[in-house]
Amino acid sequence: MNETAKSGVNPVNEIKFGVNMSGRTGTTSTVVKDAESLSIAIDNNIEEWKPMDQGGWSRRLMTAKSLSVSMGGKRNYGDPGNDYVAGLAFKNGQDCNSIFTITFPNLDKLIFDCVINAKTLGGDSTGIDALEWEALSDGKPEYIEYTGA
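Described in the following lines is the structure provided in the data block. This is a predicted model, so every value here is computed, not measured. (Residues numbered from 1 in each chain as written. Predicted model: local features only at pLDDT ≥ 70, side-chain atom pairs only at ≥ 80, totals over all residues. Heavy atoms only, no water.)

## Structural notes on the environment of Asn-2
Phase 1: Take Asn-2: it is sitting in the segment before strand E1 (16–19).
Phase 2: Judged by relative accessible area, Asn-2 falls into the exposed class, the value being 80%. (Helix = DSSP H or I, 4+ residues; strand = E, 2+ residues; numbered from the N terminus. Buried < 20%, exposed > 50% of the residue type's maximum accessible area, 1.4 Å probe, protein only.)

This is the structure in structure tokens:
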């Protein structure tokens, strides 16, 4: 299926995402159905020092980064992606490793090795079963700008 790159302002629901259900092997990206929110945070580490030659003014250098993608949604039993993420709630170690892929409306892609942290299941007695989780980067991500080719 050929997708068309979009420009301008677009709704968040046009961001495509998926997890690799084979851990860190392969390139298949499976959507986790019934996700309602996606929030990408870039965590920065900035070293700061105050050298005497700057008259009390601070110097700074960005020395590290990490990504956190927080996902909120509903638990959909039987959906392969949803079942995969929910099943990681009770696992540890390398069993929680995956690859996360995001395709933005302009068709740029962000791909990174991650640790999936399933955080919330359940909810209120009259509500719908929740599934909240995050994909935390493990190493340097790959950002691929769409060139139209």
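Still more ground to cover, so stick around.
## So, unusual backbone geometry
Phase 1: Phi angles above zero are rare outside glycine, and Asp-34 is one such case at about 65°.
Phase 2: Its location among the elements puts Asp-34 in the loop between E1 and strand E2 (35–49).
Phase 3: Looking at Asp-34, the relative accessible area reads 40%, which means it is partly exposed.
Phase 4: Of note, the phi angle at Leu-107 is positive, near 75°, even though the residue is not glycine.
Phase 5: Of note, Leu-107 is situated in the loop between strand E4 (97–103) and strand E5 (109–122).

## Notes on the layout of surface pockets
Phase 1: As a volume, the largest pocket reaches approximately 240 Å³.
Phase 2: Elements that contribute at least two residues to the lining of the largest pocket include exactly E1 and E2.
Phase 3: Among the elements that take part in the lining of the largest pocket, E2 stands out by supplying 4 residues, more than any other.
Phase 4: Taken together, the residues of the lining of the largest pocket sort by class into 8 nonpolar, 2 polar and 4 charged. (1 Å grid on protein atoms, 1.4 Å probe; cavity = no way out; pocket = protein on both sides within 12 Å on 5 of 7 lines; lining within 4 Å. Points joined across faces, edges and corners; volume = space filled by probe spheres on them. Nonpolar A, V, L, I, M, F, W, Y, C, P; charged D, E, K, R; others polar.)

## Thoughts on the side chain of Glu-134
Phase 1: For Glu-134, the position within the fold is in strand E6 (residues 130–137).
Phase 2: The buried category is assigned to Glu-134, whose relative accessible area is 13%.
Phase 3: One polar contact links Glu-134 to Asn-117, side chain to side chain, over a distance of 2.8 Å.
Phase 4: Residues in contact with Glu-134, not counting those within four places in the same chain, are Val-69, Ser-70, Val-115, Ile-116, Asn-117 and Lys-119. (Polar contact = N/O pair within 3.5 Å; in protein donor to acceptor, adjacent residues only side chain to side chain. Contact = heavy atoms within 4.5 Å.)

## Focus on the nonpolar core
Phase 1: Within the largest apolar cluster, 22 residues are counted, with the highest numbers of intra-cluster contacts made by Phe-100 and Trp-133.
Phase 2: Of all the secondary-structure elements, those providing two or more residues to this core are E1, strand E3 (59–74), helix H1 (80–87), E4, E5 and E6.
Phase 3: In terms of residue count, the dominant contributor to this core is E5 (4 residues).
Phase 4: In this structure, Trp-133 is in contact with Phe-17, Val-19, Val-32, Val-69, Ser-70, Met-71, Val-85, Phe-100, Ile-116, Asn-117, Ala-118 and Lys-119, ignoring residues within four places of it in sequence. (Core = buried A, V, L, I, M, F, W, Y, C linked by side-chain atoms within 4.5 Å.)

## Quick word on the environment of Ile-99
Phase 1: Along the chain, the position of Ile-99 falls in strand E4.
Phase 2: Here the alpha-carbon distance between Ile-99 and Ser-22, two residues 77 residues apart in the chain, equals 8.7 Å.
Phase 3: Setting aside chain neighbours within four positions, we find Ile-99 in contact with Gly-18, Val-19, Asn-20, Gly-23, Arg-24, Gly-26, Ile-111, Phe-112, Asp-113 and Cys-114.

## Quick notes on the pattern of salt bridges
Phase 1: Under the defined criterion, the tally for this structure stands at 7 salt bridges.
Phase 2: The shortest N-O distance in the salt bridge between Asp-138 and Arg-24 comes to 2.9 Å. Taken together, the positions of Asp-138 in the loop between E6 and strand E7 (142–144) and Arg-24 in the loop between E1 and E2 put the pair 114 residues apart, joining distant regions of the chain.
Phase 3: With relative accessibility at 39%, the residue Asp-138 sits in the partly exposed group.
Phase 4: For Arg-24, a relative accessible area of 29% translates into the label partly exposed.
Phase 5: The partner of Arg-60 in a salt bridge is Glu-48, with the nearest N and O atoms 2.9 Å apart. (Salt bridge = Lys/Arg side-chain N within 4 Å of Asp/Glu carboxyl O.)

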